[in-house]
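Here is what each chain is made of, one letter per residue.
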Amino acid sequence: MGLNDQVSAERLHIGFFGLRNAGKSSLVNAVTGQNLAIVSETKGTTTDPVKKSMELLPLGPVVIIDTPGIDDEGALGELRVKRARQVLNYADIAVLVVDAQKKLQQADQELIALFKAKNISYIIAYNKADLLAEVPAPGEHEIYVSSVRNTNICELKEMIGHLARQEENEKRIVADLLTPEDFVVLVVPIDSAAPKGRLILPQQQTIRDVLEAGAIPVVTRESELPVTLKGLKNRPRLVITDSQAFERVSKDTPEDILLTSFSILFARYKGNLSALVHGASALDELQDGDKVLISEGCTHHRQCGDIGTVKLPNWIRRYTGKNLEFAFTSGTEFPEDLSPYALVIHCGGCMLNEREMKSRIRHSSDCHVPMTNYGTAIAKMHGILDRALKPFSDNSLV
């Protein structure tokens, strides 16, 4: 799969971490063969994580992330360190860059402990090995490199590639629920919030996965669903709908046809659906004055009737009958302190990789705040959650 074929959320995320002036940015440039990161002798040159989607041989499509020094100082430095640590929420592989002349420092040891705690595969790259009188034999997870002389850069990439193969994910969006020649109807609303001239990413990816299963996708709007179902000679194996149209689609889809949503499929694909289903029960426990966080993994222009900021709050107020407060985050923003919230409702996470989605679910659990997602919450509020989960009755929800 080439550079233009794979979205960022599906790419391997490789983070470069370490102290200031360990040579992280120089090593990133050596590994990528590009001037991706600014290099300077001045400490703290990298002020924010720098992300680049690219094709990196022999790995294929990846996202390379150069992070600020983990030992940065001052108020601004603390913010930079915080952003560097946030990368650990979505890095699949970590490269800890250490100045070979100084060996492992306390901050390096703390990073290694974090890699292990977050179950991140890692490599310790001792940079500036050209300045050593004698290069020691590397230990486990270790390699001595020189970004200046390009020493062992190919070997480092091979080590990353070996870890990448261990990280490969065989999970599918929907293909494992299908058999060849099954018909699958995908209900795609075309309204003012839909991107002009194209389908949104979850719809594109699901159609591709249906095709790869040897099944037959049929795409229609909710307004044409009845005539679509009537016109099909073969009964569809599954109907997949945009969550916004869940109620109408459920009414128009015969009970003997399986039904679910893109959002629920992605909750299963990217995170932990069983936890999100459990979190939806918190909708029944909300009380007057409770605060609900609605979080999206991407940033986009909000329009009238936006699902996250308009439709969901209205549905929740109508379902609960309670006077609730709502807060909203998007993109990389996800609060460390979730204590003000009684419930978190997250989007399907199509723009987040699996590790970050699971990190957010785990963080909510650690904060004892239930989390659910758009499709699961909408199905519950419309009384069709049990039906929406039936396609997975013979499969693990996680």
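What comes next is a walk through the structure. (Residues numbered from 1 in each chain as written. Predicted model: local features only at pLDDT ≥ 70, side-chain atom pairs only at ≥ 80, totals over all residues. Heavy atoms only, no water.)

## Let's talk about the nonpolar core
Put simply, the rule is: For this analysis, a nonpolar core means a set of buried residues of the types Ala, Val, Leu, Ile, Met, Phe, Trp, Tyr and Cys, connected via side-chain atoms within 4.5 Å. Note on classification: 1.4 Å probe, protein chains only; a residue is buried when its accessible area is under 20% of the maximum for its type, exposed when over 50%, partly exposed between these limits. Helix and strand definitions follow DSSP, with helices as H or I runs of at least four residues and strands as E runs of at least two, each counted in order from the N terminus.
Counting 73 residues, the largest nonpolar core has V174 and I345 as its most contacted members. Top element by residues in this core is helix α8 (residues 262–270). It accounts for six residues. The next biggest cluster of nonpolar side chains, apart from the first, holds 25 residues, and it includes I64, I143, L156 and I160.

## Considering the environment of K291
Where we set the bar: The contact criterion used is simple: two residues touch if any of their non-hydrogen atoms lie within 4.5 Å.
Residue placement: K291 occurs in strand β11 (residues 291–296). For the pair K291 and L324, spaced 33 residues apart in sequence, the C-alpha separation works out to 5.9 Å. Those residues in contact with K291 that sit more than four places away from it in its chain are E325, A327, P340, Y341, A342 and L343.

## A look at the side chain of E354
The line we're drawing: Here a polar contact means two N or O atoms within 3.5 Å. Within protein one must be a hydrogen donor candidate and the other an acceptor candidate, and residues neighboring in sequence count only if both atoms are side-chain atoms.
Among the secondary structure elements, E354 is positioned in helix α11 (residues 354–366). Separated by 2.9 Å, the side chains of E354 and K358 make a polar contact.

## Points about the pattern of salt bridges
Side chains carrying opposite charge are able to pair once their charged atoms draw close together. What counts here: When a carboxyl oxygen of Asp or Glu is within 4 Å of a side-chain nitrogen of Lys or Arg, the pair counts as a salt bridge.
Taken as a whole and assessed by the stated rule, the structure comprises 12 salt bridges. The residue R355 makes a salt bridge to D92 at a minimum N-O spacing of 3.6 Å. Here R355 is found in helix α11, whereas its partner D92 is found in the loop between α2 (74–86) and β4 (93–99), with 263 residues between them in sequence. A salt bridge links E224 to R221, with the nearest nitrogen and oxygen atoms 2.7 Å apart. By sharing partners, the salt bridges in this structure join R172, R208, D209 and E212 into a single network.

## Focus on helix α5 (residues 201–212)
How we decide: In this analysis, the expected span of each helix is defined as 1.5 Å times one less than the number of residues it contains.
Its 12 residues place the ends of α5 17 Å apart at the C-alpha level, agreeing with the 16 Å of an ideal helix rising 1.5 Å per residue. On the buried face of α5, the contacting elements are β7 (183–187), β8 (216–220), β9 (238–241) and α8.

## Let's talk about the sheet that holds strand β1 (residues 12–18)
Quick note on the threshold: The criterion for strand pairing is that DSSP finds at least two bridges linking the strands in question. To get an axis, a line is fitted to the C-alpha atoms, and for a helix only the part in contact is used. The angle between two axes follows their N-to-C directions and goes from 0 to 180 degrees.
With respect to topology, six strands assemble into an open sheet ordered β2-β3-β1-β4-β5-β6, the strand pairing being mixed. The two strands at the open ends of the sheet, each matched to only one other strand, are β2 (50–56) and β6 (142–144). The average angle at which neighbouring strand axes cross in this sheet is 25°, direction not considered. Bridge analysis of strand β5 (residues 121–127) against β6 gives three bridges, and the strand direction is parallel. By the bridge assignment for β6, A125 is matched with I143. Against the sheet, helix α3 (residues 106–117) contacts β1, β4 and β5, and its axis sits at roughly 170° relative to β4.

## Some remarks on the pairing of β9
The criterion, for reference: A crossover counts as right-handed when, viewed with the strands pointing away from the observer, the path leading from the first strand over the helix to the second turns clockwise.
On β9, burial covers both faces: L238 and I240 on one face and V239 and T241 on the other are all buried. Sheet topology places β7 next to β9; four bridges connect them, and they run parallel. Looking across to β9, one finds that V184 is bridged to L238. Here β9 runs beside strand β10 (residues 258–261); their pairing, made up of four bridges, is parallel. Across the sheet, the residue bridging to V239 is L259, located in β10. Between the parallel pair β9 and β10, the chain is carried across by helix α7 (residues 246–252), and the sense of this crossover is right-handed.

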